[in-house]
There are 2 protein chains.
Amino acid sequence: MKTLQVALAERSYPIHIGAGLLDDVDLLRACVPGRQVAVVTNDVVGPLYAARLTAAFADRQLDVLTLPDGESHKTLATWGGIHEFLAQRGHHRATTIVALGGGVVGDMAGFAAATWQRGARFVQIPTTLLAQVDSSVGGKTGVNLAAGKNLVGAFHQPAAVIADTSVLATLPEREYRAGLAEVLKYGFIADAAFLDTLLGSVSELLARETNALTQAIERSCAIKAEVVAGDEREEGRRAILNFGHTFGHAIEKILGYGELLHGEAVAVGMVMAADLSWRCGRIGKTEAAGIKAAVAAFGLAVERPASVDTGAMLHAFGMDKKVVDGRVRFVLANGPGDVEVTADIPEHLLRQTLQTTALCEQDG
Amino acid sequence: MKTLQVALAERSYPIHIGAGLLDDVDLLRACVPGRQVAVVTNDVVGPLYAARLTAAFADRQLDVLTLPDGESHKTLATWGGIHEFLAQRGHHRATTIVALGGGVVGDMAGFAAATWQRGARFVQIPTTLLAQVDSSVGGKTGVNLAAGKNLVGAFHQPAAVIADTSVLATLPEREYRAGLAEVLKYGFIADAAFLDTLLGSVSELLARETNALTQAIERSCAIKAEVVAGDEREEGRRAILNFGHTFGHAIEKILGYGELLHGEAVAVGMVMAADLSWRCGRIGKTEAAGIKAAVAAFGLAVERPASVDTGAMLHAFGMDKKVVDGRVRFVLANGPGDVEVTADIPEHLLRQTLQTTALCEQDG
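Residues numbered from 1 in each chain as written. Chains lettered and ligands numbered in written order. Predicted model: local features only at pLDDT ≥ 70, side-chain atom pairs only at ≥ 80, totals over all residues. Heavy atoms only, no water.

(A) The arrangement of the interface of chain A and chain B in detail. Contacts between chain A and chain B engage 37 residues on the former and 37 residues on the latter. Between chain A and chain B, a total of about 3,200 Å² is buried, with carbon and sulfur atoms accounting for 56% of that surface. On inspection of chain A and its partner chain B, the count reaches zero salt bridges. Where the side of chain A that touches chain B is concerned, the elements lending two or more residues are α3 (76-88), α4 (103-115), β7 (140-145) and β8 (148-155) of chain A. For the side of chain A that touches chain B, the per-class residue count stands at 15 nonpolar, twelve polar and ten charged. (Contact = heavy atoms within 4.5 Å. Buried area = accessible area lost by both parts, 1.4 Å probe. Salt bridge = Lys/Arg side-chain N within 4 Å of Asp/Glu carboxyl O. Helix = DSSP H or I, 4+ residues; strand = E, 2+ residues; numbered from the N terminus. Nonpolar A, V, L, I, M, F, W, Y, C, P; charged D, E, K, R; others polar.)

Encoded structure:
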């Protein structure tokens, strides 16, 4: 087991990464003090792993709430149901809420923990690659409205993250690859050497080879922890973690939440961001094409879905939460491992990126 | 105008208290920067005062959401409606949400601000005495579940509180007296001299005489600001502000939210707390009777409503949010201006307090 630390003064917490951690009863119990535990999971993950927690906390009050799987359920209604459940089972302010699942479960359980009696203890046990390398770390929680993703939420740091890499063996291929998109993101935004390592071990990663995968998760979490520690509430640099997300969120919103996996939308979004970076003169065409090739190497789609048109994208940006006083912010590439947040995009270049059918390859 | 400061490092903010502040355009504009303003009010207060804000911000995007009046509407559904409204009107993360109303409006608008895009700027313009002296200061926000008051919420400090004492002139008598209950509370918990001042000016206060009332509001806010600054998230001393609230919340829950005003329930709750303090040997019978007489002097009911029985109260305590690992916490009086939080109450004494029909006067 490797343990990283997210350094946030009195809100600091460990990220434990390793194989078989769900069977490590001592670790689980150390992360969950108190006599009440509420486990929030979904109908895919719960049947596989919830029993491990029930066994580890046999001497406590442990209640399991199983939500329907999928981004389309990440709503105020589902989240309100978590609160009704906590009230029905008599959970006190001193309870611990444990998220056992992917990003959707983590976002909703975390937002419930942020707001249960004005803030309860929260532990993340992410079971997808995307959740292990991204959404479980950093304290962003929330739910979607019809108008946009994560429009309602809170910053609420977990007390611990337990990433058991063993559970990734049974992850569906599509979800696994969507997670690799976020792993690649860390290379693009912060670490050119890591990007080289990833591109040098594509086949090992696609085969889920333990060493390559564990190292990719550790490095991803280390980058995220470092960025979050420097800017917890995204007042500055943390926004670099949104590379590909302005485009990606718009695509998710237009297609309807759940049509594409979040990582799949981010994958296309990163290629669109590379295309826009090239059009803005920040990187060369070869470099933009390299980002596209890297995404493609991990089996991810690299073109905007045909049903998503320019007008819909521009409309979607109008209510993207990254808007500051009416200007849309994008994270653009300046070079390998180097990106920058900017709201200063010539609209005609943005339109070229939205209109082209061959990103990073032709002029509009 | 008098300005007090709530000292919370980077979350510090001013409380402005004075007559006619709603007409002070410069003050209003200084407290609400940015180009978007969302005013949340109710159907009693909005028609009286919302136009002042519309006029003050004629050059900005200002949207007014009018909620139905009353504690029974302090629900997840009403709060979710605030978010839908913000999304429909295209409010960004940089918007300012202004609560114009009493405690219910402030709690819901504040919780919406806490959670809109993970945290938006929030300004309190309290229009009831209770909100001016208590709920608008300190950052507690939230909504009720059927199972209990404020079970879902967040700590989210306002950027400013603007307490215009002129608006209290038209406050219904019942609401005004309910507010005086919280004013009295500050005397009971923290300031014997202030309590003497209040008891020496009962007729002036009941007549809403400007000087007496303004001084009472200032001293109440100063005490609250000092307590909150020392313990923002109620990990210790802040709980003394809940004097009378464990009993009061239970009564409100049993009768149904909105049957009694919050201050009315707290008034009875403080007399019950005095009774229990006496039974626990913390204060003498004369002192307990003095607390009861002080509450009665301000025209507030001092006996538990006949329809609220002991069993219902004990049941209600079971899901009171002040429970820590199954033990109910009470704030008990040790003497004038001196209280203490304790979970160490002999159950037979608690039952005597719940059963007596003459609080602070007979033995059970």
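Having put the structure on the table, let's press on.
(B) Geometry of the relation of the copies chain A and chain B. When chain A is fitted onto chain B, the two copies agree to an RMSD of 0.0 Å after a turn of 180° and an axial shift of 0.0 Å. Taken together, the rotation and translation describe the operation of a two-fold axis. Most of the interface of chain A is mirrored in chain B, where 100% of its interface residues are also at the interface. (Least-squares fit on C-alpha atoms with pLDDT ≥ 70 in both.)

(C) Region of the structure containing the packing of aromatic side chains. Scanning the entire structure with this criterion turns up eleven aromatic pairs over all chains. Centre to centre, the rings of A:F247 and A:F317 are 6.0 Å apart; their planes meet at 75°, and the pair counts as edge-to-face. Of this pair, A:F247 sits in helix α10 (residues 245-255) while A:F317 sits in helix α13 (residues 310-317), and the two are 70 residues apart along the sequence. For the residue pair A:F247 and A:F317, the accessibility class agrees, reading buried in each case. Among the aromatic side chains, those forming a connected cluster through ring pairs are A:W79, A:F111, B:W79 and B:F111. B:K185 extends its terminal NZ or CZ atom over the ring of B:Y186, reaching a point 5.0 Å from the ring centre. (Phe/Tyr/Trp six-rings, centres within 6.5 Å; stacked < 30°, edge-to-face > 60°. Buried < 20%, exposed > 50% of the residue type's maximum accessible area, 1.4 Å probe, protein only. Lys NZ or Arg CZ within 6 Å of the ring centre and 35° of its normal.)

(D) Summary view of the pattern of salt bridges. In total, this model carries 50 salt bridges over all chains according to the counting rule given. Here B:K74 ties to B:E71 by a salt bridge, and the two come within 3.9 Å at their closest N and O atoms. On the basis of relative accessibility, which here comes to 2%, the residue B:K74 falls in the buried class. The class of B:E71 is buried, set by a relative accessible area of 14%. One continuous salt-bridge network, built from bridges that share partners, spans A:E71, A:K74, A:D107, A:K149 and A:E252.

(E) Representation of the sheet that holds strand β6 (residues 121-126) of chain B. All names here are of chain B. Strands sit in the order β1-β2-β9-β6-β5-β3-β4 across an open sheet of seven strands; the sheet is mixed. Among the strands making up the open sheet, the edge pair consists of β1 (2-6) and β4 (61-67). Direction aside, neighbouring strands of the sheet carry axes that sit 15° apart on average. Each of β3 (36-42), β4, β5 (96-101) and β6 is contacted by helix α4 (residues 103-115), which is oriented at about 170° to β5, the strand it contacts most. The strands touched by helix α9 (residues 210-230) within the sheet are β1 and β2 (13-18), with β1 carrying the most contacts at an inclination of about 15°. (Pairing = 2+ DSSP bridges. Axes fitted to C-alpha atoms, helices over the stretch in contact; angles between N-to-C directions.)

(F) Seen up close, the nonpolar core. Among the nonpolar cores identified, the biggest contains 99 residues, and B:L53 and B:F247 are the most heavily contacted of them. Considering every element that reaches this core, the biggest residue donor is helix α11 (residues 262-279) of chain B, with eleven residues. In terms of nonpolar packing, the next biggest core, distinct from the first, is built from 97 residues, A:A163, A:L184, A:I189 and A:L359 among them. (Core = buried A, V, L, I, M, F, W, Y, C linked by side-chain atoms within 4.5 Å.)

(G) Structural view of the sheet that holds strand β5 (residues 96-101) of chain A. Residues and elements named next belong to chain A. Ordered in space as β1-β2-β9-β6-β5-β3-β4, the seven strands form an open sheet in which the pairing is mixed. On the outer flanks of this sheet lie β1 (2-6) and β4 (61-67), each paired with one strand and no other. Between one strand axis and the next, the sheet turns by 15° as a mean value, whatever way the strands run. The sheet contact formed by β1 and strand β2 (residues 13-18) spans five bridges and is antiparallel. Of the residues in β2, the one forming a bridge with K2 is I17. Its contacts with the sheet put α4 on β3 (36-42), β4, β5 and β6 (121-126), and the angle it makes with β5 is roughly 170°.

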